[in-house]
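Structural features, examined
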Amino acid sequence: MPQTLQHALNGRPQPTAVEIFTHGTRLLKSAGPSDLRIVVAGSSTIDMVARAVAVATALEGRTSEIIISPFGAWQQEALDPMSSLRRGGADILVLVNDWRDLVTPMRLDATLDEVRTAVAAKVKSFRVVWDALVTTGVRVIQHLPAEPLARYAGIAERRLPASPLSQMRLAIDALLDAGPEIIFLDMAGLVVDPRAWYGAKLTFGQQALPEYVARMRGALRTATSRAKKVLALDLDNTLWGGVIGDDGVSGIKLGPETPTGSAFTAFQAYVKALAARGIILAVCSKNEPEIAETGLSHPHSLLQRSDFAAFECSWSDKAGGLRRIAQALNVGIDSIVFADDNPVECALVREMLPEVAVVELGGDPAVFIEKLDAGCWFDSQGLSREDFARGALYQARAEASAAQASSGDLGSFLASLDMKGVARPAQADELARVAQLEGKTNQFNLTTRRYDQAQVAAFAERDDAVVLVGYLADKFGDHGLVSTVIGVKDGDALSIESWLMSCRVFSRTFEHYVMREILVTAGRLGARRVVGRYERTSKNDVVADLYDRLGFKRIGEDVWERAVDRDATDLETCITAR
Amino acid sequence: MEQTGILDQVKQVVSDTFGVSVGSLTAETTANDVEGWDSVAHLIFINGIESAFGVRLPMQQALDVSNLGDMAKLVQDVRQA
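Residues numbered from 1 in each chain as written. Chains lettered and ligands numbered in written order. Predicted model: local features only at pLDDT ≥ 70, side-chain atom pairs only at ≥ 80, totals over all residues. Heavy atoms only, no water.

A separate point is the state of the cysteines. All names here are of chain A. Evaluation of the coordinates by the stated rule reveals 0 disulfides over all chains. Between C313, a cysteine without a disulfide, and C284, which holds the nearest cysteine sulfur, the sulfur-to-sulfur distance is 8.4 Å. The thiol sulfur of C346 is not disulfide-bonded, and the nearest other cysteine sulfur, from C284, lies at 11 Å. On the basis of relative accessible area, C346 is assigned to the buried category, the value being 0%. (Disulfide = S-S within 2.5 Å. Buried < 20%, exposed > 50% of the residue type's maximum accessible area, 1.4 Å probe, protein only.)

Structure representation (structure tokens):
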């Protein structure tokens, strides 16, 4: 039941060791039709590895039947025609070995040639096993053992051909050479817990299970030809610090001058290095396309517009954006990895497109590389000439892409966010924050008046005017003060002189919530209608038709009105009062 | 921490690991009483205890504990050492 596990994770990147144990135990027991028959065999205890394989398979959206070979029987399993593997067949064989299977006990003063001969004999014992399986059509996932940890004589071990360390180096290179069709799973760097070996003949510590599952998922994707091909990235606070629409190209944080800028530059370098390895890059951002592109022209931006084969900037939801990317690039939606700093966007994509791998980058750019890397999303067994040339190919193909509006079930997603709102007149201690938003909000800003704190305070003191503030929180956290409204009584109308909202919360029905409060306030001030204006700037296209969408009637060029006593049920909102 | 407090936390780890209710566990509960508690599971249990209490348990003693009360006592001993 793969869905159960996905939901238990609820956005966390990896299951914990305990979850791998409990879910793995359940999966091993569950009988039923399965996509994949997987045999796990090895030189050590594989009960835990088998559980991890079951969990990895489930997280890849496949069902599996896992067969555990008898302890230590990895060679017999492959060579004996009567073994469960040879008789029952399998799609995948996971071979669990460790350094003890590759290191030969020998005189420490043995020559390099003697060591090479010993290593060749070990590698041949692997090759014999693989050869026995070639005809059965099984894909082999072979643990590539980690080097032993003991230091003994330190650097001398590296100079000594017969040392376990040197033998392992030679053996790993020889294994990779000998098995071009084998899928290797790199065990290097996984935590080793000696008790796991002494107590249960486990080659790595249970603490390393989450990391092992990520690597196994990468190997399984290779074995089943379901590699990830596309990295779709958000822009603001993902590829640079700040919001390009509000801060402008000179205001975003990028480059070596600041620690934050350095971290974003390093992340861009990492992304560019993935592209050089054949990963197709795409942008999936809520932005005005022309403004978004200016961020990539920043002097310290390593990524250029031409590095992206698809550029999806719009104000519609990102699930739709990712669908359009898949369509434009002509790839399966399940070949996309989506990375975004914003937990709400990540949750929406997980909810609406469960087949997309979502990497929630969070708020600290210093760990973005680590977070993206940890998923092993782009693990590959070897790169080809096609991989090196892919970037250019997709750039050309992207010219022909045609975007098409698409919609998932946005309403139920918004309802699931459990949003709580507040909209009320501002208090004295909030006026500084109102003025701050007046100064820096560019996109959701109807009139761009830029009132300073003294002007805002003057409005707040008047009996015929009102300064409203809006707060929003959802199940992911508190967004704080994200909307402000300044209204002035003008005859029988309340005129909206200024209305701002943070783009983070736009399109979440908060605008409806705030408008309801504006209508109530207008009634309280004795107004019979609300009048709103839109004054175009280079950055506020996003609200050009806002009043139309809020049920206002156009009464002049860029002026709209709405009756106060009209039923407000058309202003549907998923937000409840806090 | 009182030993009863430690025992409660030990029970919680067992509950999380094996999906049994805390209420069904006592100081006298042994591995044989809990379904799925084999030698591999015991290592998971030891790791769960170590991360819950932030301690490192000596191998043989951790493998030898016969019931939850023994584990609580071992945790307390390691903390006081």
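Turning next to the environment of P343 of chain A. All names here are of chain A. Examined against the element boundaries, P343 turns out to sit in helix α15 (residues 343–352). Along the chain, P343 and G363 lie 20 residues apart, while their C-alpha atoms are 9.6 Å from each other. Apart from residues lying up to four places away in sequence, P343 is in contact with E360 and F476. (Helix = DSSP H or I, 4+ residues; strand = E, 2+ residues; numbered from the N terminus. Contact = heavy atoms within 4.5 Å.)

It is worth spelling out unusual backbone geometry at this point. All names here are of chain A. Positive phi values are uncommon outside glycine, yet T448 reaches one of about 50°. On the basis of relative accessible area, T448 is assigned to the partly exposed category, the value being 22%. Even without a glycine there, the phi angle at D558 is positive, about 60°. Note on placement: D558 falls in the loop between β16 (553–556) and β17 (559–563).

What follows covers the domain arrangement of chain A. One can read the domain layout of chain A as domain 1 (2–223), domain 2 (230–412) and domain 3 (417–577). A separation of 60 Å is found between the C-alpha centroids of domain 1 of chain A and domain 3 of chain A. (Domains from an automatic or database assignment.)

Looking now at the confidence of the model for chain A. With 96% of its residues at a pLDDT of 70 or more, chain A has an overall mean of 89. Confidence, read as mean pLDDT per element, is least for helix α1 (residues 2–9) of chain A in chain A (69) and greatest for strand β9 (residues 336–340) of chain A (98). (pLDDT = per-residue confidence, 0-100.)

This part takes up the environment of G439 of chain A. With respect to the helices, strands and loops of the structure, G439 of chain A is situated in helix α19 (residues 431–440). For the pair G439 of chain A and S483 of chain A, spaced 44 residues apart in sequence, the C-alpha to C-alpha distance is 13 Å.

Here we come to the side chain of D234 of chain A. All names here are of chain A. Position of D234 relative to the elements: it lies in the loop between β6 (230–233) and α11 (244–247). Owing to a relative accessible area of 5%, D234 belongs among the buried residues under this scheme. Separated by 3.0 Å, the side chains of D234 and K318 make a polar contact. The contact partners of D234, leaving out residues within four places of it in the chain, are L239, C284, S285, K318, A339, D340 and D341. (Polar contact = N/O pair within 3.5 Å; in protein donor to acceptor, adjacent residues only side chain to side chain.)

A separate point is the nonpolar core. Residue and element names in this part refer to chain A. Ranked by internal contacts, the top residues of the largest apolar core, which has 67 residues, are V40, V94, I141 and Y212. The element best represented in this core is helix α3 (residues 47–59), accounting for 10 residues. Aside from chain neighbours lying at most four places away, what touches V40 is I46, V49, A50, V53, I66, I67, I68, S69, V94 and V96. Counting residues in each nonpolar core, the second largest holds 65 residues, with L468, I496, V514 and Y547 among its members. (Core = buried A, V, L, I, M, F, W, Y, C linked by side-chain atoms within 4.5 Å.)

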